[in-house]
Amino acid sequence: MLVIKDLHAKIDDKEILRGINLEIKPGEVHAIMGPNGSGKSTLSSVLAGNEKFEVCEGSVSFQGKDLLDLSPEDRAREGLFLSFQYPVEIPGVSMVNFMRTAVNEHRKYREEDSYSASEFLKLMREKKKLVEIDSNLTNRSVNEGFSGGEKKKNEIFQMAMLEPKLAILDETDSGLDIDALRIVANGVNKLKTPENSTIVITHYQRLLDYIVPDYVHVLYKGRIVKSAGKELAHELEEKGYDWIKKEFED
Amino acid sequence: MNKTCRIVNLQEEYSQLFQESLAHLEDGAPSKMNALRTKAFEVFNEKGIPSNKVEAYKYTNLQPYFKGTLDIALTNEAAFNDTVTQFNCDVPELDTHNVFLVNGWYSHQNDVSGLPKGVIVGSLRDMAAQHPDIFDKYYGETAPADEDPMAAMNTAFAQGGAFVYIPKGVVVDKPIQLVNIMNGDSDRLVFQRNLVVVEENAQVKMMMCDHTISPQKFVINNLTEVFANENSVFDVYNVQNQHNLTTQVSGIYVHQKKHSNILTNNLTLHSGITRNNVAVTMDDEQCESHVYGLYLSDKNQHVDNFTFIDHAKPHCQSFELFKGVLDDSASGAFTGKVLVQPDAQQTNAYQSNNNLLLTENAKINSKPQLEIYADDVKCSHGATVGQLDDEAMFYLRARGINEDEGRILLMFAFAYEVIEKIRVEPLKENIRQLVEKRFRGEFDKCDSCVVCGQQGTSVSCL
């Protein structure tokens, strides 16, 4: 599904990613952990196509296509979804309008007919129920005045609407209380199929109790320095990152 | 009767035009209108068409636009021609009392029989004759014909327009819509003068929609005086939607009495050169005023909103919001003058002007101008100039929305705050759709009346 080879990326001449290698197969859940500033969010931004970052080396193929060659919108239409760490507030753009535009752009890309208003509203109702999002939220402007938890739930709702093949959850657990965390994780799990894959970026192991990863990778100074099964997350929770840093420096 | 004048040196020819036409201007006009004429002309003649050397017109040099070979209608033939019957209003959901004006003249084909009892809507000159007490009490009382050269010019040349009177305690259910049609086969100079009186405890909402249905150049100087008496509620939505060869100086002068609540909203969706003068005098305690505007400009269009809120008495509130989106080489200006007089304690005055510049060539001059002479007041102002938010754009693109569509969504998001202020629901919806169309570039610049969606000729789609 996704093959990252020797990916280097920089912002303002500062190299953040310094040779990432990662392969994700359909149906797999990968967790990427690591201390602050290790490049986790940069990786997700680069994959989603944020032009603030410049890719200086390496390649990324997504379902056989050169991902780096695609515009952000085409990446999304190809099935890549980024759940933002900080979802942007867009006053004046209603959730309904935003989602209808997005869903229909996806459909157009796949050469399918646009949804009619009633079809679309029906779809929205179903997905809202699925991810347990308060129906009032979708009557408001995109993320405007949403609490931290509401914003994250809204990201998962959008994911449900767009049905991506690969979802990248960037710190989706940050700032969530335990109930919100459970709802968000449940949403992700309900959307899981044997074909689609997930990258969970997180600081903490707690989210991984709900979204159980097949692999855990530790990112440090722009490289993946350790990969293992889900037990690695527990080990990190107990011992912190120092031993990995030490191992890496040695 | 049409008079053609070739304006090269401005005052020279305007002076000649006034002298030669005075008899026609006065013929059939109300006596108070004529009484103010000569004095107003003197002021206009002394000050002239303002250039950018005049402080209040610093960002809009009107002089070049008031030159050329222009026709002026000195008699009201236009009021009887069939322009209005050719004109279909086919948007049923907007239920309004429609009143048409052709080249500034009140059309005699208007049917205003459905209005509530006691409400008077009609031709300014006719109604002045029928109701001299009302006319004489209010006409010319709030327009600054002694200071502003364009108000003086209008007062000197005015012959007709609309007269709207809402008697004490009457609430007009449906909005009254003044549809201003510009039409003709030669370039034209048009003066229009409206008088609106909302009596004690009465309420009315008005719309003014400006059309151009022929491709000629139009130079328009229109002026509306509004008197909002005690406890009255008055709204006016001025939808400006004209082709690029139009120059419009539009003045709205509102005078408020105790507990009155007024709203003006200038929605400049398409026009050539637009100068809006909005002045509100809060001449009594506990007045509330809302002064809003939205301007969407592209190509070489220019929009200048000049506002003046006069807090003359204590315990009044004013809310001012103007937003603009400027594309291509469009330019704009905003001046927000707020005067809090020494007496006007406990004043609340808020002002905000936000602009979105889409290109490097687009330009805006924003000038808050607060003069505060009372010490117990709350006044705030803010002006911003910015570009589209990159982060929001990336967020939209990351959901599969392309850049063009994203731009439209974000521009619309920017403009919506002013649209939200519209207190007439169906109009709000109409404007919302039109603004979106305008951003999409689907806007038929000829369907000048946003409300009617009237088709124009393709030549006028400039």
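Per-chain numbering applies: the sequence of each chain, read as written, is numbered from 1 onward. Chain A is the first chain written and ligand 1 is the first ligand written, with later ones labelled in order. Under the rules for a predicted model, residues below a pLDDT of 70 receive no local features and side-chain atom pairs below 80 are neither given nor counted, while totals for whole chains, interfaces and linings still include all residues.

Asker: Help me get a handle on the sheet that holds strand β9 (residues 203-212) of chain B, residues and values and all.
Answerer: Residues and elements named next belong to chain B. Two strands are counted as paired when DSSP detects at least two bridges linking them. Put simply, DSSP marks the helices as runs of H or I at least four residues long and the strands as runs of E at least two long, and each gets a number from the N terminus on. Strand order across the open sheet formed by ten strands is β4-β3-β7-β9-β11-β13-β15-β17-β19-β21, with mixed pairing between neighbours. Strands with a single pairing partner mark the edges of an open sheet, and in this sheet they are β4 (105-106) and β21 (378-386). As paired elements, strand β3 (residues 97-102) and strand β7 (residues 176-182) share six bridges and run parallel to each other. Within the sheet, the bridge partner assigned to N98 lies in β7 and is Q177. By definition, residue pairs are in contact when their C-beta atoms, positioned from the backbone, come within 7 Å. Convention adopted: a line fitted to C-alpha atoms gives each axis, helices being fitted over their contacting stretch, and angles between N-to-C directions are expressed from 0 to 180 degrees. Of the strands in this sheet, β15 (288-297), β17 (317-326) and β19 (348-357) are in contact with helix α7 (residues 403-419), which crosses β17 at around 155 degrees.

Asker: Now, about the confidence of the model for chain B: what can you tell me, with residues and values included?
Answerer: Residue and element names in this part refer to chain B. The pLDDT averaged across chain B works out to 91; a share of 94% of its residues lies at or above 70. Counting contacts from residues 445-462, a segment whose pLDDT is below 50, to residues more than four positions away or on other chains yields 58 contacts. Note on the complex model: pTM 0.87, ipTM 0.95. Confidence scores here are pLDDT values: one per residue, from the predictor, ranging 0 to 100.

Asker: Kindly report on the packing of helix α1 (residues 11-26) of chain B against helix α2 (residues 31-47) of chain B, identifying the contributing residues and their values.
Answerer: Residue and element names in this part refer to chain B. For the pair α1 and α2, the least separation of the axes is 11 Å and the interaxial angle reads 175 degrees. For the element pair α1 / α2, the angle class is roughly antiparallel. Contact with α1, carried on its side by Q11, S15, F18, L25 and E26, involves N34, R37, F41 and N45 of α2 and no other residues of that element. The residue classification treats Ala, Val, Leu, Ile, Met, Phe, Trp, Tyr, Cys and Pro as nonpolar and Asp, Glu, Lys and Arg as charged. All others, Gly included, are polar. In the contact of α1 with α2, the residues fall into three nonpolar, four polar and two charged. In these notes the angle categories are as follows: under 35 degrees is roughly parallel, over 145 is roughly antiparallel, 65 to 115 is roughly perpendicular, and the rest is oblique.

Asker: Please give an account of helix α5 (residues 149-157) of chain B that cites residues and values.
Answerer: Since the α-helix turns once every 3.6 residues, residues separated by three or four places project in the same direction. All names here are of chain B. Neighbour counting defines burial: a residue surrounded by 20 or more other C-beta atoms within 10 Å of its own C-beta is buried, one with 12 or fewer is exposed, and intermediate counts give partly exposed, using backbone-placed C-beta atoms. Burial analysis of α5 places nine of its nine residues in the buried class, the great majority of the element. All of the buried residues in α5 are P149, M150, A151, A152, M153, N154, T155, A156 and F157. Against α1, α2, β8 (188-198), β10 (218-228) and β12 (246-256) lie the buried residues of α5.

Asker: Account for unusual backbone geometry, naming residues and giving values.
Answerer: Of note in the backbone geometry, Q63(A) takes a positive phi value of approximately 50 degrees without being a glycine. Here Q63(A) is to be found in the loop between β4 (54-62) and β5 (65-66). The exposure class assigned to Q63(A) is partly exposed, which follows from the 14 C-beta atoms found within 10 Å. Phi angles above zero are rare outside glycine, and N231(B) is one such case at about 65 degrees.

Asker: Quick rundown of the interface of chain A and chain B? Include the residues and the values.
Answerer: Taken together, the 19 residues of chain A in the interface contact 17 residues of chain B. For the side of chain A that touches chain B, the elements supplying multiple residues, two or more each, are α2 (72-78), β7 (90-94), α3 (95-109) and α5 (148-162) of chain A. The residue makeup of the side of chain A that touches chain B, split by class, is eleven nonpolar, five polar and three charged.

Asker: Break down the packing of α3(A) against α5(A) for me, with residues and values.
Answerer: Residues and elements named next belong to chain A. Following both chains from N to C, one finds α3 and α5 inclined at 35 degrees, their axes separated by 10 Å at the closest point. As α3 runs across α5, the sense of the crossing is right-handed. In contact with M99, A102, V103 and H106 of α3, α5 contributes Q158, M161 and L162. Residues that form the contact of α3 with α5 fall into these classes: five nonpolar, two polar and no charged. We call a crossing left-handed when the near helix sits turned anticlockwise from the far one by less than a right angle, and right-handed when that turn is clockwise.

Asker: Run through the nonpolar core, naming residues and quoting values.
Answerer: Definition of nonpolar core: a set of buried Ala, Val, Leu, Ile, Met, Phe, Trp, Tyr and Cys residues joined via C-beta atoms within 7 Å. The biggest cluster of nonpolar side chains holds 197 residues, and the ones touching the most others in it are I168(A), V200(A), L101(B), V198(B) and A415(B). Looking at which element gives the most residues to this core, the answer is α7(B), with ten residues. Ignoring any residue separated from it by four or fewer positions in sequence, one finds V198(B) in contact with I166(B), V204(B), F227(B), A228(B), N229(B), S232(B) and F234(B).

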